[in-house]
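The chain contents come next:
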Amino acid sequence: MAAAAAAAAAAAAALLACLLLSRAGAGMAGDEAREAAAVRGLLSRLLGARAAAGFSVSVNRSLAPRPGADTFRLSGGGGGDPVQVAGSSGVAAAAGLHRYLRDFCGCHVAWSGAQLRLPDPLPAVPEPRTESTPNRYRYYQNVCTQSYSFVWWGWARWEREIDWMALNGINLALAAVGQEAVWRRVYLTLGLNETEIDEYFTGPAFLAWEHMGNLHSWGGPLSSSWHRKQSSLQYQILERMRSFGMKPVLPAFAGHVPKAFTRVFPQANVTHLGMWGHFNCTYSCSYLLAPEDPLFPVVGSLFLRELTQEFGTDHIYSADTFNEMEPPSSEPAYLAAATAAVYEAMIAVDVDAVWLLQGWLFQHQPDFWKPPQVKAVLKAVPLGRLLVLDLYAESKPVYSRTDSFYGQPFIWCMLHNFGGNHGLFGALDAVNRGPSDAWLFPNSTFVGTGIVPEGINQNEVVYALMAELGWQKGPLPDLGAWVAGFAAQRYGTPHSHAEAAWKLLLQSVYNCSGDLCTGHNRSPLVKRPSLHLDISVWYNRSDVFEAWRLLLEAAPVLASSPAFRYDLLDVTRQVAQELVSLYYEELRTAFEAGAMPALLTAGGLLVFDLLPSLDELLASDERFLLGAWLEQAREMAVSEAEAWQYKQNALYQLTLWGPTGNILDYANKQLAGLVAGYYAPRWKLFVEMLVKSLAEGTPFHQNQFESEALLLGQNFVLGREKFPTQPQGDTVDLVKKFFLRYYPRYQAGAV
Ligand SMILES: *[C@@H]1O[C@H](CO)[C@@H](O)[C@H](O)[C@H]1NC(C)=O
Ligand SMILES: *[C@@H]1O[C@H](CO)[C@@H](O)[C@H](O)[C@H]1NC(C)=O
Ligand SMILES: *[C@@H]1O[C@H](CO)[C@@H](O)[C@H](O)[C@H]1NC(C)=O
Ligand SMILES: *[C@@H]1O[C@H](CO)[C@@H](O)[C@H](O)[C@H]1NC(C)=O
Ligand SMILES: *[C@@H]1O[C@H](CO)[C@@H](O)[C@H](O)[C@H]1NC(C)=O
Ligand SMILES: *[C@@H]1O[C@H](CO)[C@@H](O)[C@H](O)[C@H]1NC(C)=O
Ligand SMILES: *[C@@H]1O[C@H](CO)[C@@H](O)[C@H](O)[C@H]1NC(C)=O
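About the cut-offs
Residues numbered from 1 in each chain as written. Chains lettered and ligands numbered in written order. Predicted model: local features only at pLDDT ≥ 70, side-chain atom pairs only at ≥ 80, totals over all residues. Heavy atoms only, no water. UniProt positions renumbered as here; feature names shortened; annotations may be inferred. Salt bridge = Lys/Arg side-chain N within 4 Å of Asp/Glu carboxyl O. Helix = DSSP H or I, 4+ residues; strand = E, 2+ residues; numbered from the N terminus. Buried < 20%, exposed > 50% of the residue type's maximum accessible area, 1.4 Å probe, protein only. Pairing = 2+ DSSP bridges. 1 Å grid on protein atoms, 1.4 Å probe; cavity = no way out; pocket = protein on both sides within 12 Å on 5 of 7 lines; lining within 4 Å. Points joined across faces, edges and corners; volume = space filled by probe spheres on them. Nonpolar A, V, L, I, M, F, W, Y, C, P; charged D, E, K, R; others polar. Contact = heavy atoms within 4.5 Å. Phe/Tyr/Trp six-rings, centres within 6.5 Å; stacked < 30°, edge-to-face > 60°. Axes fitted to C-alpha atoms, helices over the stretch in contact; angles between N-to-C directions. Parallel < 35°, antiparallel > 145°, perpendicular 65-115°, else oblique. Left-handed = near helix turned anticlockwise from the far one by under 90°. Near = heavy atom within 4 Å. Polar contact = N/O pair within 3.5 Å; in protein donor to acceptor, adjacent residues only side chain to side chain. Areas by Shrake-Rupley, 256 points an atom, 1.4 Å probe, with all protein chains shown as cover. Disulfide = S-S within 2.5 Å.

Under the annotation held in an unreviewed UniProt entry, the protein carries the name Alpha-N-acetylglucosaminidase and is attributed to Sarcophilus harrisii. The Sequence similarities (unreviewed entry) field of the UniProt record for the protein holds the comment "Belongs to the glycosyl hydrolase 89 family." According to UniProt, the comment filed for the protein under the heading Catalytic activity (unreviewed entry) is "Hydrolysis of terminal non-reducing N-acetyl-D-glucosamine residues in N-acetyl-alpha-D-glucosaminides."

Colleague: Describe the pattern of salt bridges, with residues and values.
Modeller: Enumeration according to the criterion identifies 37 salt bridges in this entry. The partner of Arg 138 in a salt bridge is Asp 70, with the nearest N and O atoms 2.7 Å apart. Linking Arg 138 in strand β7 (residues 137-140) with Asp 70 in the loop between β1 (55-59) and β2 (71-76), this pair joins segments that are 68 residues apart in sequence. The two residues Arg 138 and Asp 70 agree in class, both being buried.

Colleague: Residues and numbers for the pairing of β7, please.
Modeller: If a strand is regular, its side chains alternate between the two faces of the sheet. Burial along β7 is two-sided: the residues Tyr 137 and Tyr 139 and Arg 138 and Tyr 140 are all buried. The pairing of β7 with strand β17 (residues 446-451) spans 4 bridges and is classified as parallel. Opposite Tyr 139, over in β17, you have Gly 450 as the bridge partner.

Colleague: Could you give an account of the layout of surface pockets, with specific residues and numbers?
Modeller: Of the voids in this model, the largest pocket is the one considered here, and its volume is about 970 Å³. Every residue lining the largest pocket is counted, 36 residues in all, and those nearest its centre are Trp 153, Arg 157, Asn 457, Ala 628 and Gln 632. At the level of secondary structure, the elements contributing two or more residues to the lining of the largest pocket comprise α5 (155-167), α9 (224-243) and α23 (626-636). Sort the elements by how many residues they give to the lining of the largest pocket and α23 lands first, with 6 residues. The residue inventory of the lining of the largest pocket, partitioned by class, reads 15 nonpolar, 12 polar and 9 charged.

Colleague: An account of the environment of Phe 104 is requested, with residue identities and associated values reported.
Modeller: If you trace the backbone, Phe 104 turns up in the loop between α3 (90-103) and β4 (108-110). The sequence separation of Phe 104 and Leu 122 amounts to 18 residues, and the corresponding C-alpha distance is 8.5 Å. Once you skip the residues sitting within four places of it in the chain, Phe 104 turns out to touch Leu 74, Arg 99, Pro 119, Pro 123, Ala 124, Val 125, Pro 126 and Arg 129.

Colleague: So what about the packing of aromatic side chains? Which residues, and what values?
Modeller: This model, assessed by the stated rule, comprises 71 aromatic pairs. Here Trp 152 and Trp 629 contribute two aromatic rings whose centre-to-centre distance is 6.4 Å and whose plane-to-plane angle is 65°, an arrangement assigned as edge-to-face. Of this pair, Trp 152 sits in the loop between α4 (145-148) and α5 while Trp 629 sits in helix α23, and the two are 477 residues apart along the sequence. On the accessibility criterion, Trp 152 (3% relative accessible area) is buried.

Colleague: Explain the packing of helix α19 (residues 496-507) against helix α20 (residues 541-558) to me, and be specific about the residues and the numbers.
Modeller: The geometry of a pair of packed helices is captured by two quantities: the angle between their axes and the separation between those axes. Where α19 meets α20, the closest approach of the two axes is 8 Å, and the angle between their N-to-C directions is 155°. Classified by the angle their axes make, α19 and α20 are roughly antiparallel. Crossing angle aside, the handedness with which α19 passes α20 is left-handed. Contacts from His 497, Ala 498, Ala 500, Ala 501, Leu 504, Leu 505 and Gln 507 in α19 reach Asp 543, Glu 546, Ala 547, Leu 550, Leu 551, Glu 553, Ala 554 and Leu 558 in α20. Across the contact of α19 with α20, the residue classes break down as 10 nonpolar, 2 polar and 3 charged.

Colleague: Kindly report on the site of ligand 4, identifying the contributing residues and their values.
Modeller: The local shell around ligand 4 consists of Asn 280, Thr 282, Pro 659 and Thr 660. Note that an oxygen atom of ligand 4 is positioned 2.4 Å from one of the side-chain N or O atoms of Asn 280. Protein burial of ligand 4: of its 360 Å² of free accessible surface, 36% is covered by the chains. Residue composition of the shell around ligand 4, grouped by class: 1 nonpolar, 3 polar and no charged.

Colleague: Explain the pairing of strand β15 (residues 386-390) residue by residue, including any values.
Modeller: Counting buried residues in β15 gives 5 out of 5 residues, a clear majority hidden from the surface. Of the two faces of β15, both are covered, the one formed by Leu 386, Val 388 and Asp 390 as well as the one formed by Leu 387 and Leu 389. The sheet contact formed by strand β14 (residues 354-358) and β15 spans 4 bridges and is parallel. Note that in β15 the partner of Leu 356 across the bridge is Leu 387.

Colleague: So what about the sheet that holds strand β12 (residues 287-289)? Which residues, and what values?
Modeller: One open sheet holds the 3 strands; their spatial order is β10-β12-β11, and the pairing between them is antiparallel. One side of each edge strand has no neighbouring strand; the edge strands of this open sheet are β10 (256-257) and β11 (270-272). Note: β11 against β12, 3 bridges, orientation antiparallel. Counterpart to His 272 in the pairing with β12 is Tyr 287.

Colleague: Explain the state of the cysteines residue by residue, including any values.
Modeller: Counted by the stated rule, this structure contains 2 disulfides. Covalent S-S linkage joins Cys 512 and Cys 517, the inter-sulfur distance amounting to 2.2 Å. Each member of the pair Cys 512 and Cys 517 is classed as buried. Counting only the cysteines that form disulfides, in the order they appear in the protein, gives the pairing 1-2, 3-4. Cys 107 provides the cysteine sulfur closest to Cys 105, a residue in no disulfide bond, and the two sulfurs are 5.1 Å apart.

Colleague: Hey, could you go over the sheet that holds strand β8 (residues 172-174) for me, with residue numbers and the actual values?
Modeller: Each strand in a sheet pairs with its neighbour through backbone hydrogen bonds, running either in the same direction (parallel) or in the opposite one (antiparallel). Within the closed barrel, the 8 strands sit side by side as β7-β8-β9-β13-β14-β15-β16-β17. Their pairing is parallel. Taking the axes of each pair of neighbouring strands and ignoring which way they run, one obtains an average angle of 30° across the sheet. Pairing of β8 with strand β9 (residues 247-251) involves 3 bridges; the strand directions are parallel. When the sheet's bridge partners are listed, Ala 173 is paired in β9 with Pro 248.

Colleague: Give me the lowdown on the packing of α23 against helix α24 (residues 640-654), citing residues and values where you can.
Modeller: At a closest axis distance of 8 Å, the pairing of α23 and α24 adopts a crossing angle of 140°. Between α23 and α24, the interaxial angle falls into the category oblique. Relative to α24, α23 is oriented so that their crossing is right-handed. On α24, the residues that touch Leu 626, Trp 629, Leu 630, Ala 633, Arg 634 and Met 636 of α23 are Glu 640, Glu 642, Ala 643, Tyr 646, Lys 647, Ala 650, Leu 651, Gln 653 and Leu 654.

Colleague: Describe in detail the environment of Phe 368, supporting the description with residues and values.
Modeller: Examined against the element boundaries, Phe 368 turns out to sit in the loop between α13 (360-364) and α14 (371-378). Judged by relative accessible area, Phe 368 falls into the buried class, the value being 10%. Distance from Phe 368 to Gln 577, taken between C-alpha atoms, is 37 Å for residues 209 residues apart in sequence. Contact partners of Phe 368, with chain neighbours within four places excluded, come to Glu 326, Pro 327, Ser 329, Ser 330, Leu 335 and Gln 373.

Okay, structure coming up:
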């Protein structure tokens with residue numbers, strides 16, 4: 001039995017590799033030339049045409065020691081010779097280029113910007129350097145990233161992201177854009193009318209949850225111009241991903257249908273799923289088509305045929321039927337049928353289909369997903385045809401309690417961040433060991449690594465490490481040395497204070513473990529106030545203050561680096577959130593002791609000093625502006641009415657999430673405009689109500705505070721205020737001012 005399972009497991013990985021490689025043979029020379037050209041394009045975008053001329057890029061599949069083992073080779077350079085970058089695929093060549101830029105030129109490329117000061121002439125590669133990744137796949141994206149981070153992007157930003165993906169060796173990624181346009185056609189074909197379709201789609205900022213059957217209608221409808229723009233974007237995205245040799249993962253039918261489906265097909269056997277995320281059935285409780293209903297394959301095949309005819313295919317499809325949704329039955333036979341129906345509809349259109357499944361559900365509702373239920377799903381699809389993302393493997397791995405997904409291949413994924421929250425956070429030690437532990441697991445079906453944050457644009461060090469691990473055969477030997485190198489590349493020059501600061505961050509905020517390590521920023525700054533907030537953290541706050549001091553001391557040397565300014569601001573932001581905890585503790589203690597002067601002092605400092613200073617600081621950097629996020633949304637709109645809808649989508653997502661604070665502050669961010677316009681007024685209201693309660697000798701009513709706070713939030717979201725899209729003030733000056741004001745409080749032992 002065990003031997004059979006092991007043999008099956010080994011067969012699974014092999015089968016999967018074969019399935020996916022069989023197509024790589026077709027038109028190989030042409031593909032190689034196309035992929036090399038894509039990397040040359042990337043080089044020019046990144047470095048400019050002149051510097052790009054110093055490189056010679058080639059792609060040759062034979063570089064790989066075995067098919068699919070992506071490999072790059074660096075050589076040449078020096079004495080006017082071009083640096084030779086060869087890869088077994090475009091992605092491998094791009095990863096090789098990135099290696100050269102980091103290790104030989106001391107450069108750095110990240111979401112917040114790039115440090116690309118090249119030595120002149122380009123350094124030679126003294127000994128040819130070859131690296132092969134042990135990971136068949138390096139995957140990127142969470143279904144939610146689409147909504148939390150990419151939703152308003154046009155092609156220019158997408159292009160930069162796909163370049164980032166290539167440089168980090170990503171070869172498998174979701175391509176979810178534009179699917180609603182295809183669904184719309186399918187629903188029309190099935191007999192739904194425009195009104196019914198409009199009533200079904202969510203707004204742009206909530207589409208991720210519509211894709212998983214969690215939500216419908218909220219923030220919608222979608223306009224025809226939205227559909228048009230997203231479709232044409234999808235063409236560009238797919239074309240570019242494929243040109244690098246990446247595999248885009250297209251969506252498939254998971255079983256959810258609009259309510260109006262039952263008008264057209266009154267006989268259809270649909271189940272009303274339960275509520276999700278504190279939404280009532282106005283916006284959640286989707287309809288799930290029963291697996292044995294003859295319409296299931298009809299809808300599933302219609303969609304996939306329409307989609308692949310339009311966009312082509314790389315034969316990997318994503319679908320999530322029960323993501324955070326309790327299935328109508330826990331009978332293994334039902335779960336197997338529901339799973340098989342999705343797969344059957346895929347292979348009816350594409351015999352080579354492989355299903356990419358987010359394994360989130362298994363760890364999210366462990367009480368429901370016991371071994372028989374998990375097994376029912378995983379075994380309903382032939383081995384090798386289900387590729388499972390172990391989505392939160394750095395914290396709650398599923399492979400280890402399912403005998404490696406009962407033989408289905410899986411990708412070890414680092415989720416790291418929920419909702420794209422700011423807040424310095426990470427578990428670098430655990431992440432560093434994670435993939436190799438998974439690989440070494442008995443009879444492992446591990447086939448790669450994944451980067452799957454719900455939102456990007458935060459904690460770049462964590463993602464730099466994970467991308468690095470995509471090309472490593474084991475953990476990095478010395479994380480301290482690695483962060484020192486990271487800082488030097490990021491700022492363009494080594495600096496002892498910056499290095500010391502990063503080592504402090506590594507041992508504190510970036511060494512998270514235990515129950516406090518949740519992937520959410522739990523700071524009172526971004527939480528709805530109450531007298532019962534938990535301000536405990538897993539690290540020594542002193543380390544953050546000392547890292548802050550050290551970075552500021554490095555400012556005279558490093559201030560010209562945009563990445564340094566970003567980090568200096570980000571660490572100051574972190575200090576501000578530590579200080580909010582401090583003042584919160586003071587005002588709670590004062591209130592409980594009935595000490596009015598102390599309450600007024602702490603409350604006054606928090607509301608009239610600390611939070612406004614933080615907002616002013618954030619306003620000095622375009623990467624921390626609410627206005628910049630809203631401007632992206634506005635640029636996607638074609639009319640004032642649409643601009644208004646998108647603005648509300650964009651603001652709701654960051655704050656109330658739903659009309660009545662349904663998933664309040666889940667996707668909190670610390671942006672200029674949001675701190676002053678949303679968090680600060682809420683704290684002010686809280687402090688005022690505490691003061692009033694103390695002055696009048698009446699109890700503080702949390703419920704009353706919450707209803708008033710909800711009104712504040714709604715007014716903020718529905719307000720007409722315009723937020724700056726350009727930074728104001730000098731970050732370093734403002735940080736100095738902040739330091740002079742607040743560092744003494746830390747020194748005085750208040751923290
Ligand atoms: C792994 O597979 C081998 C057979 O190849 C089997 O003997 C062994 O028990 C399996 N180990 C585990 C932990 O399942
Ligand atoms: C690719 O590499 C192989 C083995 O080194 C070589 O025989 C072949 O000519 C190369 N292909 C091209 C197009 O350079
Ligand atoms: C769509 O169908 C519904 C239900 O029959 C109807 O009330 C509505 O007017 C129709 N809308 C359009 C645009 O035909
Ligand atoms: C559901 O929520 C919406 C908006 O929050 C509200 O207007 C509606 O009355 C609620 N419906 C039910 C059935 O509770
Ligand atoms: C409807 O689907 C459910 C779930 O698959 C199944 O148990 C039930 O028997 C079906 N009902 C009919 C009338 O076919
Ligand atoms: C992280 O914490 C663990 C203990 O939980 C410790 O063993 C390890 O050395 C720490 N790592 C760093 C980089 O400080
Ligand atoms: C935190 O770090 C400071 C400075 O290194 C040290 O004095 C203090 O004892 C530490 N606190 C704890 C709880 O470890």
